[in-house]
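The lines below spell out each chain.
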Number of protein chains: 2
Amino acid sequence: MLKTRTNVTGLRCVKCGKHYDEQPDLYTCPACGIEGILDVEYDYDHAKGELNKTSLAQDQRQSIWRYLPVLPVGRASRLPTLQLGMTPLYHYPNFARELGLGGLYVKDDTRNPTGSFKDRASAIGVTKAAELGRDTISVASTGNAASSLAGFAANMGLRAFIFVPETAPEAKITQLLVYGATVFAVRGSYDQAYYLAMDAAAEFGWYNRNCAINAYLVEGKKTCGLEVGEQLQDDMADWLAVAVGDGCTIAGIWKGLMEMKELGVLNRLPRLLGVQAEGAAPIYESFSTGQPLKPVPANTLADSIAVGQPRNTTKALRAVKDSGGAYVKVSDDAILSAIPRLARATGVFAEPAGVTSLAGVLAARESGLIGPKDRVIIVATGNGLKDIKSAQRTVGKPHSVAPAIEDVRAALNQK
Amino acid sequence: MLKTRTNVTGLRCVKCGKHYDEQPDLYTCPACGIEGILDVEYDYDHAKGELNKTSLAQDQRQSIWRYLPVLPVGRASRLPTLQLGMTPLYHYPNFARELGLGGLYVKDDTRNPTGSFKDRASAIGVTKAAELGRDTISVASTGNAASSLAGFAANMGLRAFIFVPETAPEAKITQLLVYGATVFAVRGSYDQAYYLAMDAAAEFGWYNRNCAINAYLVEGKKTCGLEVGEQLQDDMADWLAVAVGDGCTIAGIWKGLMEMKELGVLNRLPRLLGVQAEGAAPIYESFSTGQPLKPVPANTLADSIAVGQPRNTTKALRAVKDSGGAYVKVSDDAILSAIPRLARATGVFAEPAGVTSLAGVLAARESGLIGPKDRVIIVATGNGLKDIKSAQRTVGKPHSVAPAIEDVRAALNQK
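Residues numbered from 1 in each chain as written. Chains lettered and ligands numbered in written order. Predicted model: local features only at pLDDT ≥ 70, side-chain atom pairs only at ≥ 80, totals over all residues. Heavy atoms only, no water.

### Considering the overall build of chain A
Argument step 1. When helices and strands are tallied, chain A shows 15 helices and 14 strands.
Argument step 2. Relative to its length of 415 residues, chain A is compact, with a C-alpha radius of gyration of 21 Å against a globular reference of 22 Å.
Argument step 3. Along the three orthogonal principal directions, the C-alpha set of chain A runs to about 75 × 45 × 45 Å.
Argument step 4. Taking as baseline every contact in chain A between residues at least 6 positions apart, the subset at least 24 positions apart corresponds to 71%.
Argument step 5. Total accessible area on chain A stands at roughly 13900 Å², and carbon and sulfur atoms take up 47% of it.
Argument step 6. Chain A carries 45 positive and 42 negative side-chain charges, and their two centres are separated by 2 Å. (Helix = DSSP H or I, 4+ residues; strand = E, 2+ residues; numbered from the N terminus. Rg over C-alpha atoms; globule rule 2.2 N^0.38 Å. Contact = heavy atoms within 4.5 Å. Areas by Shrake-Rupley, 256 points an atom, 1.4 Å probe, with all protein chains shown as cover. Lys, Arg positive; Asp, Glu negative; His and termini not counted. Charge placed at Lys NZ, Arg CZ, Asp CG, Glu CD.)

Below is the structure:
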């Protein structure tokens with residue numbers, strides 16, 4: 001069915017372990033149903049010949065496509081042209097000292113084409129849709145996956161059908177309308193928008209970009225882990241912290257890091273710190289108690305991780321456990337205050353979910369989970385411009401002055 | 001005074017031609033006053049040995065710092081760490097055909113760290129301030145130069161004092177407060193904010209980042225031209241279109257292109273299309289009539305180019321004339337409709353001033369100024385997320401649906 005060669009050997013159910021050959025419209029494991037998330041497997045022995053320290057040092061492509069040998073995308077497939085990935089990994093020694101850490105790195109995914117980490121998954125989604133000859137693709141999203149899909153669909157000339165909860169921030173909805181997507185604002189929760197999108201994709205025959213059921217999407221997300229692996233190589237940090245909603249992002253990053261170890265690019269892995277918002281922390285609760293996940297009503301202003309019924313729990317729990325890491329939860333106030341804190345120390349302006357990783361690191365440092373010599377990577381997942389209303393709550397007002405120097409002097413003295 | 005070597009030979013007044021050695025706080029020509037904009041000059045013979053096709057092909061730095069031999073920045077100076085420049089230059093053959101052009105390239109400066117072209121100038125500004133041992137830097141701006149300076153000042157650990165007209169978009173003001181800048185919202189026009197910032201910088205001893213008077217800033221802006229020159233080399237397009245407010249941007253891009261020709265990286269230059277908004281088109285009027293510039297009350301929703309009294313007229317007129325190009329003006333409606341048009345055809349979401357270049361190309365193609373075989377570069381100068389309110393005016397509403405498949409079907413049939 002696919003026109004061109006990949007190193008994919010098939011798909012394996014994370015629940016029952018059954019192996020499947022690739023086939024169009026195989027989303028979750030037919031035996032296990034919706035919980036049977038599939039994981040894409042590769043011939044790493046073969047990939048290693050094409051992708052290794054030496055090949056990477058010579059590769060001029062500043063994008064995720066430098067990792068094609070471990071992507072589920074044909075070598076001759078039509079790819080989106082928006083420059084995606086190879087986002088900066090910044091090191092801030094002064095900020096690390098201020099926080100009582102041995103090192104602080106920011107993986108700046110606010111710099112992706114539509115301003116979020118989700119672009120990594122959308123790029124794979126539109127590429128797979130085009131490989132299969134589909135002209136429509138759909139998604140349910142709290143916002144970023146939606147605007148991301150809309151942008152990449154526009155770039156590839158595909159139609160996008162998008163389901164958002166009507167509470168999604170205005171900027172995100174506008175962004176996807178501008179890209180020409182057909183948008184359904186669902187009068188209900190993200191979870192309701194999600195199920196409606198699932199039903200509609202099946203009913204109308206759209207290619208389904210929902211990460212939790214489309215195994216290929218996580219392959220896009222893992223490119224963040226591949227990049228961090230390549231950027232730090234044998235100088236890997238002790239921790240990598242990232243916000244967790246559905247669980248696909250942390251699972252994807254972990255897979256990318258594991259692959260870089262498999263490919264001999266790095267020699268040790270970081271521990272993962274999964275950070276959830278207090279008002280939407282079912283994975284944290286399950287990890288802490290060892291009990292099966294209990295859905296909760298999601299209640300956090302970090303809309304990108306406002307997920308009460310996460311759909312990639314198995315992978316998300318396993319990744320953190322395998323890494324020797326932990327889950328923490330943080331309050332909305334802690335998230336909000338991390339916005340200006342990150343921006344002022346680094347110049348990186350991220351949205352609430354984008355700074356949740358920093359809030360989690362502060363909490364974990366406070367509790368002693370992260371030690372004073374530990375070097376920590378935080379993933380800034382979404383651009384602050386996407387949620388100006390939340391950012392506004394964290395800052396004061398400008399000084400209102402008449403066009404007169406006396407007014408400026410008065411304002412300065414008043415400080 | 002500068003600690004480290006550069007290829008700068010001095011500064012020359014664009015009005016009287018007098019040459020000056022570099023010195024702290026030399027802004028405009030002492031003989032000519034505010035109209036005596038200075039231009040930084042280099043030893044190109046020396047620079048050519050360090051910066052040429054061969055050196056560039058081997059340079060791994062994906063940032064403006066690959067052009068250090070023609071930047072006014074010491075080799076050992078402390079540089080901002082935010083990844084800046086080397087923004088994508090996309091080619092869209094299908095969109096070109098749709099527009100009746102021989103080729104269409106988008107230079108995507110929405111991808112800079114704070115989301116705009118202005119980051120190029122701010123990076124040089126904060127570097128020069130730090131070289132001079134200053135800990136404060138100030139600017140007047142309609143928005144992007146402000147948020148850009150705020151982000152780069154945060155990154156460098158400098159204090160930023162910023163003057164904006166109180167009508168600047170909310171997102172832009174929030175962005176700079178988040179970065180920790182001290183902001184003065186001036187109850188008046190951009191022009192009034194500008195003069196107040198000038199007075200305050202002199203009064204309080206702040207390093208002045210205003211592009212029109214600080215010769216070094218244009219050196220940052222020219223990096224866009226340097227990049228386009230490197231990206232297309234001997235395959236240069238016929239036209240480069242860019243929005244014009246103060247005139248510094250088009251002058252800067254032109255200088256960068258000229259330098260790339262001087263350095264032997266490209267063999268011919270594009271013609272420049274300067275595009276102004278109808279409600280703020282004094283440079284267009286001066287160019288068309290040959291009369292000296294007459295200030296106008298600025299009235300356009302493209303806030304980044306809402307300049308009634310531009311301060312870099314001499315360079316802006318000269319650049320377009322020298323290139324054999326032209327100025328055009330476009331309506332706010334034409335600007336607005338270019339937002340979704342660009343986004344849907346390319347995946348690039350830009351703010352009003354950011355798509356003004358496209359609106360200008362459409363007008364120039366319509367009038368025959370740009371021919372059917374011409375290959376055209378448009379510069380997308382600012383990210384669409386910076387002005388969601390304007391973008392909202394260009395699109396409809398999402399379909400409001402209950403979480404029921406019947407509602408989705410009804411909405412689809414209704415289209």
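### Focus on the sheet that holds strand 6 (residues 136-140) of chain A
Through backbone hydrogen bonds, the strands of a sheet pair up, either in parallel or in antiparallel fashion.
Argument step 1. Read from one edge to the other, the open sheet built from five strands follows the order 9(A)-6(A)-7(A)-8(A)-14(B), with strand pairing classed as parallel. Pairing within the sheet leaves two strands with one partner each, and these edge strands are strand 9 (207-208) of chain A together with strand 14 (399-401) of chain B.
Argument step 2. With five bridges connecting them, strand 7 (residues 159-165) of chain A and strand 8 (residues 182-186) of chain A associate as parallel partners. Paired with A:V164 across the strands is A:A185, a residue of strand 8 of chain A.
Argument step 3. Here helix 15 (residues 405-414) of chain B sits on the sheet in contact with strand 7 and strand 8 of chain A together with strand 14 of chain B, set at roughly 155° to strand 14 of chain B. (Pairing = 2+ DSSP bridges. Axes fitted to C-alpha atoms, helices over the stretch in contact; angles between N-to-C directions.)

### Quick notes on the interface of chain B and chain A
Argument step 1. Of the residues lining the interface, 72 residues belong to chain B; the matching set on chain A comes to 72 residues.
Argument step 2. For the pair chain B and chain A, the two sides together bury roughly 5900 Å², of which 64% comes from carbon and sulfur.
Argument step 3. When the buried surface of chain B facing chain A is broken down by residue, B:R111, B:V178 and B:L385 rank first, second and third, together holding 12% of it.
Argument step 4. Summed over the shared surface of chain B and chain A, the number is four salt bridges.
Argument step 5. As a salt-bridge pair, A:E203 and B:R409 come within 2.6 Å of each other at their nearest N and O atoms.
Argument step 6. Summed over the shared surface of chain B and chain A, the number is 27 residue pairs in polar contact (both at pLDDT 80 or more).
Argument step 7. The element that contributes the greatest number of residues to the side of chain B that touches chain A is helix 6 (residues 170-178) of chain B, accounting for seven residues. (Buried area = accessible area lost by both parts, 1.4 Å probe. Salt bridge = Lys/Arg side-chain N within 4 Å of Asp/Glu carboxyl O. Polar contact = N/O pair within 3.5 Å; in protein donor to acceptor, adjacent residues only side chain to side chain.)

### A word on the packing of helix 7 (residues 190-204) of chain A against helix 15 of chain B
Argument step 1. Following both chains from N to C, one finds helix 7 of chain A and helix 15 of chain B inclined at 55°, their axes separated by 10 Å at the closest point. Considering the angle they form, helix 7 of chain A stands oblique to helix 15 of chain B. The crossing of helix 7 of chain A and helix 15 of chain B is right-handed. Residues A:L196, A:D199, A:A200, A:E203 and A:F204 of helix 7 of chain A form the contact with helix 15 of chain B, whose participating residues are B:I405, B:V408, B:R409 and B:L412.
Argument step 2. When its residues are assigned to classes, the contact of helix 7 of chain A with helix 15 of chain B shows six nonpolar, no polar and three charged. (Parallel < 35°, antiparallel > 145°, perpendicular 65-115°, else oblique. Left-handed = near helix turned anticlockwise from the far one by under 90°. Nonpolar A, V, L, I, M, F, W, Y, C, P; charged D, E, K, R; others polar.)

### Concerning the environment of B:C29
Residues and elements named next belong to chain B.
Argument step 1. Residue position: C29 is located in the loop between strand 2 (19-20) and strand 3 (38-42).
Argument step 2. It is 8.1 Å that separates the C-alpha atoms of C29 and R12, two residues lying 17 residues apart in sequence.
Argument step 3. Other than its neighbours up to four places away in sequence, C29 contacts C13, C16, Y20, G36 and L38.

### Quick word on the pattern of salt bridges
All names here are of chain B.
Argument step 1. Counted by the stated rule, this structure contains 50 salt bridges over all chains.
Argument step 2. For K222, the salt bridge is made with E259, and the minimal N-O distance between the two is 3.0 Å. Within this pair, whereas K222 is found in helix 8 (residues 215-232), its partner E259 is found in helix 9 (residues 248-262), the two being separated by 37 residues in sequence. Each member of the pair, K222 as well as E259, carries the same accessibility label: buried.
Argument step 3. One salt bridge in this structure joins D238 and R268, with 3.5 Å as the shortest N-O distance. Here R268 lies in the loop between helix 9 and strand 11 (271-277) and D238 lies in the loop between helix 8 and strand 10 (239-243), a separation of 30 residues in the sequence.
Argument step 4. Residue classification places D238 among the partly exposed positions, given a relative accessible area of 22%.
Argument step 5. Residue R268 is classed as partly exposed on the basis of its relative accessible area of 35%. (Buried < 20%, exposed > 50% of the residue type's maximum accessible area, 1.4 Å probe, protein only.)

### Side note on the relation of the copies chain B and chain A
The operation relating the two chain copies consists of a rotation about an axis and a shift along that axis.
Argument step 1. Expressed as a screw transformation, the operator carrying chain B onto chain A has a rotation angle of 180° and an axial translation of 0.0 Å, and the superposed copies differ by an RMSD of 0.0 Å. One copy is carried onto the other by what is essentially a two-fold rotation axis. Ranked by how close their C-alpha atoms come to the rotation axis, the residues of chain B are headed by B:L385, at 2.9 Å.
Argument step 2. Of the residues that chain B buries at the interface, 100% are likewise interface residues in chain A, meaning the two copies contact each other through the same surface. (Least-squares fit on C-alpha atoms with pLDDT ≥ 70 in both.)

### Details of the side chain of B:T346
Argument step 1. Its place among the elements puts B:T346 in helix 12 (residues 332-346).
Argument step 2. Classification of B:T346 as buried rests on a relative accessible area of 0%.
Argument step 3. When near neighbours in sequence (up to four residues on either side) are disregarded, B:T346 contacts A:L82, A:N155, B:Y92, B:F95 and B:V106.

### With respect to helix 9 of chain B
Residues and elements named next belong to chain B.
Argument step 1. The end-to-end C-alpha distance of helix 9, which contains 15 residues, comes to 21 Å, matching closely the 21 Å that a straight helix rising 1.5 Å per residue would cover.
Argument step 2. The buried count for helix 9 comes to twelve of 15 residues, which makes it a mostly enclosed element.
Argument step 3. All of the buried residues in helix 9 are C248, T249, I250, A251, G252, I253, W254, K255, G256, L257, E259 and M260.
Argument step 4. Just beyond helix 9, the residue with positive phi is G264, at close to 80°. (Expected span 1.5 Å × (residues − 1).)

### Considerations on unusual backbone geometry
Of all residues except glycine, most have a negative phi; of all peptide bonds, most are trans.
Argument step 1. Positive phi outside glycine occurs at A:Q233, with the angle close to 45°.
Argument step 2. With respect to the element layout, A:Q233 can be found in the loop between helix 8 (215-232) and strand 10 (239-243).
Argument step 3. On the basis of relative accessibility, which here comes to 25%, the residue A:Q233 falls in the partly exposed class.
Argument step 4. Although it is not a glycine, B:D25 sits at a positive phi angle of roughly 60°.

### With respect to the packing of aromatic side chains
All names here are of chain A.
Argument step 1. In total, this model carries 22 aromatic pairs over all chains according to the counting rule given.
Argument step 2. Through a chain of ring-to-ring contacts, three or more aromatic side chains come together here, namely F161, F163, F184, F204 and W206.
Argument step 3. Across the ring face of Y195, the terminal group of R311 is positioned such that the distance to the ring centre comes to 5.4 Å. (Phe/Tyr/Trp six-rings, centres within 6.5 Å; stacked < 30°, edge-to-face > 60°. Lys NZ or Arg CZ within 6 Å of the ring centre and 35° of its normal.)

### What about helix 11 (residues 313-323) of chain B?
All names here are of chain B.
Argument step 1. Within helix 11, burial applies to T313, K315, A316, A319, V320 and S323.
Argument step 2. Those residues of helix 11 hidden inside the fold are in contact with strand 3, helix 8, helix 9, strand 11, helix 10 (282-289) and strand 12 (326-330).
Argument step 3. Just downstream of helix 11 lies G324, where phi reads positive at about 75°.

### With respect to the confidence of the model for chain A
Argument step 1. Looking at chain A as a whole, the pLDDT averages 94, with 99% of positions reaching at least 70.
Argument step 2. Reported confidence for the predicted complex is 0.94 by ipTM and 0.96 by pTM. (pLDDT = per-residue confidence, 0-100.)

### Comments concerning the packing of helix 9 (residues 248-262) of chain A against helix 11 (residues 313-322) of chain A
Residues and elements named next belong to chain A.
Argument step 1. Contact pair helix 9 / helix 11: the axes reach a minimum separation of 8 Å and the direction vectors enclose 45°. By the angle class used here, helix 9 and helix 11 are oblique. Crossing hand, helix 9 versus helix 11: left-handed. Between helix 9 and helix 11, the residues in contact are I250, A251 and W254 and K315, A316, A319, V320 and D322, respectively.

### Details of the sheet that holds strand 1 (residues 8-13) of chain B
Residue and element names in this part refer to chain B.
Argument step 1. On the basis of which strands lie adjacent, the open sheet formed by three strands has the order 2-1-3 and antiparallel pairing. Either end of the sheet is taken by a strand with one partner, and the two such strands are strand 2 and strand 3.
Argument step 2. The sheet contact formed by strand 1 and strand 2 spans two bridges and is antiparallel. Bridge pairing in strand 2 places R12 opposite H19.

### Topic: the pairing of strand 5 (residues 103-108) of chain B
Residues and elements named next belong to chain B.
Argument step 1. In terms of burial, strand 5 is largely enclosed, as six of its six residues are buried.
Argument step 2. Going residue by residue along strand 5, you find G103, Y105 and K107 tucked away on one face and L104, V106 and D108 tucked away on the opposite face as well.
Argument step 3. Bridge count for strand 4 (residues 89-91) against strand 5 is three bridges, and the pairing is antiparallel. Following the sheet pairing, L89 is matched in strand 5 by K107.

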